[in-house]
Amino acid sequence: MTTRAATAADLDAIMALEHASFPTDAWSPAMMREELASPHGWYVVVEEAGHLVGYAGLRAVRGSRDADIQTITIAESARGRGRGRALLTELLAEAQRQGVHAVFLEVRADNPVAQALYASEGFAEVGRRPRYYQPDDVDAIVMQLDLRGWAARHTPDDATTTGKGWC
C-alpha cells in the first residue's frame, strides 16, 4: 500500500469512490476538482496494486491556527485494516507541519465507526448541525482536536509520510 499526494489525474478514481461511499450526498466532480487545485487544500490518496482505495483531504488556510478535515474515504473492500486511521494521521501530521493548533471535522451522526476513530485520536464533540446531510436528514456531529496535545502524544515514528507505504 502506498500513499501519495492526490493530483487532478486522480479525479475519476476519487469520484468513483466518492459516489460508492456517499451515494446520496457525493460531491460533484467540479467541487472535487476545485478542492484538489485549491492552495488551501491538501489531499492524499492510498493505492493498492495500482488501484485507488482511499483518499483524504485537509483544508488549512496558510497562517491560520485552525484547519478542517474535509473528507476521509476508504473503499468498502479495504475498510477495517487501519487505512482510515493512517489517512487521519497523515492529515494531522500535515496540519502540524503547517502550524495548526485546532482541527475540526463534521461526521455523520449515523456513522459510529468514524466517530469512534476520531474520538480515539482525541477529537471531542463540540456541537451538532441538525439535518446537515441531505437528502438523508442526518445530523452532523462537529468535532475538534487540540493538535498540540495530539502531537505531544505521538512520536515522529507514529506519523506517516506521504510517499511511504504502511504495513
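Everything below is about the structure printed above this text.
Described in the following lines is the structure provided in the data block. Just so it is clear, the structure is predicted and the values come from calculations on it, not from any experiment.

1. Quick notes on unusual backbone geometry
One can expect most non-glycine residues to show negative phi and most peptide bonds to be in trans.
Move 1: In this model, Gln 134 is joined to Pro 135 through a cis peptide bond whose omega is 15°.
Move 2: Turning to its location among the elements, Pro 135 is positioned in the loop between β6 (124–133) and β7 (138–146).
Move 3: For Ala 49, which is not glycine, the phi torsion reads 50° and is therefore positive.
Move 4: Structurally, the position occupied by Ala 49 is in the loop between β2 (41–48) and β3 (51–59).
Move 5: A relative accessible area of 79% means that Ala 49 is categorised as exposed.
Move 6: Backbone geometry at Asp 137 places phi at a positive 55°, although glycine is not the residue there.
Move 7: Here Asp 137 is to be found in the loop between β6 and β7.
Move 8: Owing to a relative accessible area of 39%, Asp 137 belongs among the partly exposed residues under this scheme.

2. Points about the nonpolar core
Move 1: Counting 43 residues, the largest nonpolar core has Ile 69, Leu 92, Val 103, Tyr 118 and Phe 123 as the members making the most contacts within it.
Move 2: Here Ile 69 is in contact with Gly 57, Leu 58, Leu 88, Leu 91, Leu 92, Val 103, Phe 104, Leu 105 and Phe 123, once residues within four sequence places are set aside.

3. A look at the pattern of salt bridges
Move 1: Enumeration over the complete set of coordinates arrives at 13 salt bridges.
Move 2: Here Arg 97 ties to Glu 94 by a salt bridge, and the two come within 2.9 Å at their closest N and O atoms. In this pair, Arg 97 and Glu 94 are both assigned in helix α3 (residues 83–97), 3 residues apart and thus about one turn of the helix distant.
Move 3: Looking at Glu 94, the relative accessible area reads 11%, which means it is buried.
Move 4: Here Asp 110 ties to Arg 108 by a salt bridge, and the two come within 2.9 Å at their closest N and O atoms.
Move 5: Residues participating in the shared-partner salt-bridge network are Asp 25, Arg 108, Asp 110 and Asp 136.

Rules and cut-offs
- Residues numbered from 1 in each chain as written.
- Predicted model: local features only at pLDDT ≥ 70, side-chain atom pairs only at ≥ 80, totals over all residues.
- Heavy atoms only, no water.
- Helix = DSSP H or I, 4+ residues; strand = E, 2+ residues; numbered from the N terminus.
- Buried < 20%, exposed > 50% of the residue type's maximum accessible area, 1.4 Å probe, protein only.
- Core = buried A, V, L, I, M, F, W, Y, C linked by side-chain atoms within 4.5 Å.
- Contact = heavy atoms within 4.5 Å.
- Salt bridge = Lys/Arg side-chain N within 4 Å of Asp/Glu carboxyl O.

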